Structures are given as structure tokens and as C-alpha cells.
Amino acid sequence: AQTVDTPDTIVLATPETPYMCIGFFQDAENELDLKYCQKHNLPIIRRETGGGAVYIDDGQLFVQWIFQKSSLPRMVDQRFQVFVEPLIETYKFFGIDAYYHPINDVHVGGKKIVGTGAGTIGEAEVVTGNFLFDFNYSTMINAINVPSDDFRERVNRDLGQYLTTIQQEL
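The notes below deal with the structure included here. Everything numeric in this text was worked out from a predicted model, so none of it was measured.

1. A look at the pattern of salt bridges
When charged atoms on two side chains of opposite charge get close, those side chains can pair.
Thinking step 1. Inspection of every chain in the model, using the stated rule, returns two salt bridges.
Thinking step 2. Across the pair Glu-125 and Arg-79 runs a salt bridge whose closest N-O atoms are separated by 2.5 Å. Residue Glu-125 is located in strand S10 (residues 124–132), and its partner Arg-79 is located in helix H3 (residues 76–93); the two are separated by 46 residues in the primary sequence.
Thinking step 3. The class of Glu-125 is buried, set by a relative accessible area of 6%.
Thinking step 4. For Lys-112, the salt bridge goes to Asp-105, with nearest N and O atoms at 3.7 Å.
Thinking step 5. On the basis of relative accessibility, which here comes to 22%, the residue Lys-112 falls in the partly exposed class.
Thinking step 6. Residue class for Asp-105 comes out buried when judged on its relative accessible area of 10%.

2. Examining the packing of aromatic side chains
Thinking step 1. Within the structure shown, the criterion is met by seven aromatic pairs.
Thinking step 2. Where Tyr-55 meets Phe-135, the ring centres are 6.4 Å apart and the plane angle is 75 degrees; that geometry is what we call edge-to-face. With Tyr-55 in strand S4 (residues 54–56) and Phe-135 in the loop between S10 and helix H4 (137–143), this residue pair connects regions lying 80 residues apart in the sequence.
Thinking step 3. Among the residues examined, Phe-135 registers a relative accessible area of 8% and is labelled buried.
Thinking step 4. Seen from their ring centres, Trp-65 and Phe-83 are 4.8 Å apart, and the 85 degrees between their planes marks the pair as edge-to-face. Of this pair, Trp-65 sits in strand S5 (residues 60–67) while Phe-83 is found in helix H3, placing the two residues 18 residues apart along the sequence.
Thinking step 5. In this structure Phe-83 comes out as buried when scored by relative accessible area, which is 1%.
Thinking step 6. Here a set of aromatic residues connected by ring pairs shows up, and it is made of Tyr-55, Phe-135 and Tyr-137.

3. Here we look at the sheet that holds S4
Strand pairing within a sheet occurs via backbone hydrogen bonds; the two strands may be parallel or antiparallel.
Thinking step 1. Spatially, the three strands line up as an open sheet ordered S3-S2-S4, and their pairing is mixed. Edge positions in the sheet fall to strand S3 (44–46) and S4, since each of these pairs with one other strand and no more. Ignoring which end each strand starts from, the neighbouring axes of this sheet average 35 degrees apart.
Thinking step 2. Pairing analysis gives three bridges linking strand S2 (residues 19–22) to S4, with the strands arranged antiparallel. From the neighbouring strand, Cys-21 faces S4, where its bridge partner is Val-54.

4. Looking at the nonpolar core
Thinking step 1. The biggest cluster of nonpolar side chains holds 39 residues, and the ones touching the most others in it are Met-20, Tyr-91, Ile-113 and Phe-135.
Thinking step 2. What Phe-135 contacts, discounting residues up to four positions off in sequence, is Val-54, Tyr-55, Gln-60, Met-140, Leu-159, Leu-163 and Thr-165.

5. Quick look at a nonpolar patch on the surface
Thinking step 1. Judged by side-chain polarity, Phe-93, Phe-94 and Leu-170 come together as a nonpolar surface patch covering roughly 410 Å² of accessible area.
Thinking step 2. By the secondary structure assignment, Phe-93 is in helix H3.

6. Description of the sheet that holds strand S7 (residues 105–108)
Thinking step 1. Strand order across the open sheet formed by three strands is S6-S7-S8, with antiparallel pairing between neighbours. The sheet is open, and its two borders are formed by strand S6 (98–101) and strand S8 (111–115), each paired with just one other strand. Across the sheet, the mean angle from the axis of one strand to that of its neighbour is 40 degrees, orientation sign disregarded.
Thinking step 2. With respect to the sheet, H3 is in contact with S6, S7 and S8, its orientation differing from that of S6 by roughly 170 degrees.
Thinking step 3. Contacts from helix H5 (residues 149–162) reach S7 and S8, with the element oriented near 80 degrees to S8.

Here is what the cut-offs are and how they apply
Residues numbered from 1 in each chain as written. Predicted model: local features only at pLDDT ≥ 70, side-chain atom pairs only at ≥ 80, totals over all residues. Heavy atoms only, no water. Salt bridge = Lys/Arg side-chain N within 4 Å of Asp/Glu carboxyl O. Helix = DSSP H or I, 4+ residues; strand = E, 2+ residues; numbered from the N terminus. Buried < 20%, exposed > 50% of the residue type's maximum accessible area, 1.4 Å probe, protein only. Phe/Tyr/Trp six-rings, centres within 6.5 Å; stacked < 30°, edge-to-face > 60°. Pairing = 2+ DSSP bridges. Axes fitted to C-alpha atoms, helices over the stretch in contact; angles between N-to-C directions. Core = buried A, V, L, I, M, F, W, Y, C linked by side-chain atoms within 4.5 Å. Contact = heavy atoms within 4.5 Å. Patch = residues over 30% accessible without salt bridge, like charges linked within 9 Å, V, L, I, M, F, W, Y side chains within 5 Å. Areas by Shrake-Rupley, 256 points an atom, 1.4 Å probe, with all protein chains shown as cover.

Structure below.
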């Protein structure tokens, strides 16, 4: 538990096994195809920060800042901007022309390559993001709850046009 004596901490983590992750305020039954998730051994984990349903696997490296409130700007949009700057610089180091896309994303050529989230967990202020090495579009599309196969195809097409990865960029 965070106390006034707890140092600010940065955690880097890659999941050991794939799972579906839903935001704090989402309803798993509405957002996900629970039968698909069960059939494909995809646990469902609720994160304590906001955001939408997303497929998580070892193609992603997560960056989590666990900070004292006094260590971050008060305004959430400013927190995101401070958080994404080192991510952007890292992408640029590897030759990927990443840039800040307000309020909380990083883009490359008009496509999202980093999504972030933030929340207060106990006494800690937490900001999270990732390095997206690769992404399993198929599993993501099949695991979400959609009204029809036509809609699923549309989401699949849109996701492919809106989301990029390090592998695709390099």
C-alpha cells in the first residue's frame, strides 16, 4: 500500500499468459464474448484504471508509474503528456516517428501505437501505457461482443486501420 514514505515506482511488465482486460467501469458480459474467452482459455481481468476492453499478451511491454500525488501534475491531461514523453523518445530512438496525440495516446502516421490509462488506487496515482511490439488482431476481434458478423468485420477493418505496432512500423 502506498504511504507518504513510499518512493515513486516505475514497473515494466510483460504478461506470462494472454488475457482479456476490461476497464474499471465496464461490464464483461456486455463487452466480451464470454463463451469465446472461456473456449480459448482467456481469463478476464478488470484493471483499476479506465479504458476499454483489450486483448493482452506477451507482444506488449507495460509501463506503470505508481507515484505520489505530489509527483505528478494536478491536471490529468498534463499527467498523460508527461508520461508519454519518455515513451515517444523511446520509439524515436528505434526509428519510429511517434508523437503525442492528446489527451492520452501516442500515434505514428495517424495510427495509435500507445494507449494510456490513469487512476487513483488507494493513496497512489497510477499512469499506465505500453510498448506494442505485436498485436493479435484476430483474437481481439473474436473476443469482443458485437451484434453481428458484419459489425465484427467492420471493427476488424477499422482496428487494422487505426492501430499499429512496432513490428509493422519497422
